[in-house]
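Structural features, examined
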Amino acid sequence: MKKKSLLSLLSITIVTLSLAATACGNSNNPGSDSNSNGGEVDSAQAEQGDDIEETGTGTNDTEKNDIDESTSSDEDEPDSDGLKAPVVSQIEIAKMTDTFTAKVAKAAGVSPEKVSKYFLVDDFDTDGKIEGFFYVGDGVMDELGACEGTIWFVNENECRQIHDEFGFAADNENVFGIIEGADKRFIAFSDVYVTSRVTNLYYVDGDKLNESSVSRMGYAEVDQSTGDLIITIDAYDNYCDYEKGSDKPMWTGHTWKPYYYYYSRSEGDFTEYEARFIDEDILDEKYGINAEKELKSQGYTLDSIIERDNGIVNINYSKTTENEDGSKSIEYRNATYDSRTSKYDNPWDNEKAGFFESDYGGTFSCFLGTADSIKAYADFLENYMQHPVISTMYEEGFGEEDRPVDASDVVFELIYVNDDDIPDLVLANGDCPWNPVHLFTVEEGEVKQVGEYSMYGLMYYSPKTGEILPNYYIPAGNAEINIFGSDKTKPYDLDKDATRFLKSPDIQGMRLNDVKDFERTLAHMKSAAPTGLTPVGAPIIDDSYLKEGEVTFEGKHAAAIPGIWYLYYDDGIAPTWMEFDTVGTFTAHDADGFVEATGYVEFRDKDPILEDGEIYRLFYSDGTFYKDFEFAPVDDFGYMMDYAGQLYYKDPDNWPKG
């Protein structure tokens, strides 16, 4: 079956300004989608020679998705829940367009004709002030539908170039377009490469121009049926070859894989749908897909399964061939199933749409937003023994080198030191006094060391605060807390700080030689990395993985039990946090984070004291009794768990203050 042409596959589907453009790009009357003025702007064309596809943004049944349909706006009736109605007139926009054209031409040192080819002028954030985006250069110049020039932003206060000279997509002579979030307009234009495109996304907020967090990630389009923003990432990851006796991979095979975003009002930007790894049993039980049966028939091996919150399931698989000349070849493929339609994707328009026909090529990552950091860390760790990071901090004092003897010496873990979305990698080359903890982060796709702390391969940190305690034990006093990213310190106070720090590497730590799939291990570490601490020092962790599937144990309130329950105040005896899943198993952790008990829960009876309360009984795995607890709905916290007067609640970030 013949595959779609590249431009069709990668076609950006954005809300464009449908204008009656003149050949010279003079002021035009706007279409119903916008109150904008544009130069030679028309609806986006999917492929040269194809029918023009006028693209809206669609809506999604999920509450998350706030990408709105592109609809006509009534100037007299502003949308109180979404985009504001225009407050400037077409006369004002036309007048300002002439002013902006002259302003950009002067700043760029070109004639006005070079500026008036493609532009977009409007009050984009409806604050009564007009802004403009201008392409400076010539018209379409090649078969890729591209024109070469620069991109400029201009308002009443500034005029500046925002993109260096490059080739930009101009399908049907259209450089600029708009993607509309529920309460925000994003201006889009795309860089053109030989076999791919990359979309730039900007939005205006008052006098400030901001770049979207998903700008320049890949090629952006809006799914008409769901309203999802799809970002297509291209990579060379279809095939990996190793020459005889070499461990150096050679990657080939260009692939284009879609990732999924929704518009979040609270973030004011696009956010990736949550995703998680699941196993074969869940895939079979939940989606009716027997991956092993499908793959075994063709000689492939299952690598990983990713479930996304928008209903998409990606199944990564591969086949390894040992060649006669001693070389090795690995073929990486995938299947994509859409549970919303109960169908496999069909990216190449095959006559049959099935498991193997849904292959985009290569390997899907769990999260695109953090895929770069996870992939960077995975590559770094896979080759770590060939380039270990060696500290000289204690070499003179101990006469020993901070060098791992083998991979079993190296322990690593992902944590959040400061308040950003990129997890930090902690690593130790051993547990001797001359082994400090190495701290790494990812900057511009590269793993970089940002600090060395403590001894014996251990340190303490306070999640998301930027505070590091460079000790391998909790000190009694006279210690200094390091402020990450600076030379500043502050005194450690035992009374106030003893429960504010976690040890690392610790429970989530892995030895290098024990890891089979670095990317999968790191993705799990990221999802389990603490984002804060409760008042008694328990780590706050995303507990969504415990709530998957239907609750299988009895009780009126049983559905509210799965998740993590945190001790409200410390008595020095009770577990500081307890985990429950939907099948009724539990794990209790002590103050140091170690597992105190694990087993299962059973409904016992109604509670004779608590209103609408119930009693549940916990058993060790061998069936012996562990504890009873009372469970009931309460104000402020939702539910409470009471064990002999010890109170536990969920979601400590939402606990009432004071």
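This write-up is about the structure you can find in this document. (Residues numbered from 1 in each chain as written. Predicted model: local features only at pLDDT ≥ 70, side-chain atom pairs only at ≥ 80, totals over all residues. Heavy atoms only, no water.)

It is worth spelling out the sheet that holds strand 27 (residues 502-504) at this point. Taking strand neighbours across the sheet as the criterion, the five strands line up as 26-25-24-23-27 in an open arrangement whose pairing is antiparallel. Both edges of this open sheet fall to strand 26 (489-491) and strand 27, since each of them pairs with a single strand only. The mean inter-strand angle of the sheet, taken between neighbouring strand axes irrespective of direction, is 35°. Bridge count for strand 25 (residues 480-483) against strand 26 is three bridges, and the pairing is antiparallel. Its bridge partner being in strand 26, Glu480 is matched across the sheet by Pro491. (Pairing = 2+ DSSP bridges. Helix = DSSP H or I, 4+ residues; strand = E, 2+ residues; numbered from the N terminus. Axes fitted to C-alpha atoms, helices over the stretch in contact; angles between N-to-C directions.)

On the surface, Tyr456, Tyr472 and Tyr473 cluster together to form a nonpolar patch covering roughly 280 Å² of accessible area. Take Tyr472: its relative accessible area is 33%, and that puts it in the partly exposed class. (Patch = residues over 30% accessible without salt bridge, like charges linked within 9 Å, V, L, I, M, F, W, Y side chains within 5 Å. Areas by Shrake-Rupley, 256 points an atom, 1.4 Å probe, with all protein chains shown as cover. Salt bridge = Lys/Arg side-chain N within 4 Å of Asp/Glu carboxyl O. Buried < 20%, exposed > 50% of the residue type's maximum accessible area, 1.4 Å probe, protein only.)

What follows concerns a negative patch on the surface. A grouping of Asp279, Glu280, Asp281, Asp284, Glu285 and Glu292 is seen on the molecular surface, where their side chains present a negatively charged patch. Among the elements that take part in the negative patch, helix 4 (residues 280-287) stands out by supplying four residues, more than any other. For Glu280, the position within the fold is in helix 4. (Lys, Arg positive; Asp, Glu negative; His and termini not counted. Charge placed at Lys NZ, Arg CZ, Asp CG, Glu CD.)

Once that is clear, we can look at unusual backbone geometry. Of the consecutive residues Ser504 and Pro505, the connecting peptide bond is found in the cis state with omega at -10°. In this fold, Pro505 is placed in the loop between strand 27 and strand 28 (510-511). Residues other than glycine seldom take positive phi values, yet Ser342 does so here, at roughly 60°. Tracing the chain through its elements places Ser342 in the loop between strand 17 (328-338) and strand 18 (343-344). The backbone of Asp612 shows a phi angle near 60°, a positive value even though the residue is not glycine.

Strands sit in the order 31-32-33-34-35-36-37-38 around a closed barrel of eight strands; the barrel is antiparallel. Within the sheet, the average angular offset between the axes of one strand and its neighbour, ignoring direction, is 30°. As paired strands, strand 32 (residues 577-580) and strand 33 (residues 585-589) are joined by four bridges and run antiparallel to one another. Of the residues in strand 33, the one forming a bridge with Phe580 is Phe586.

Time to look at the pairing of strand 31 (residues 563-567). A large share of strand 31 lies buried, amounting to five of its five residues. Two strands pair when backbone bridges link them, and strand 31 and strand 32 are joined in this way by four bridges, in the antiparallel orientation. The partner of Gly563 across the bridge, within strand 32, is Phe580.

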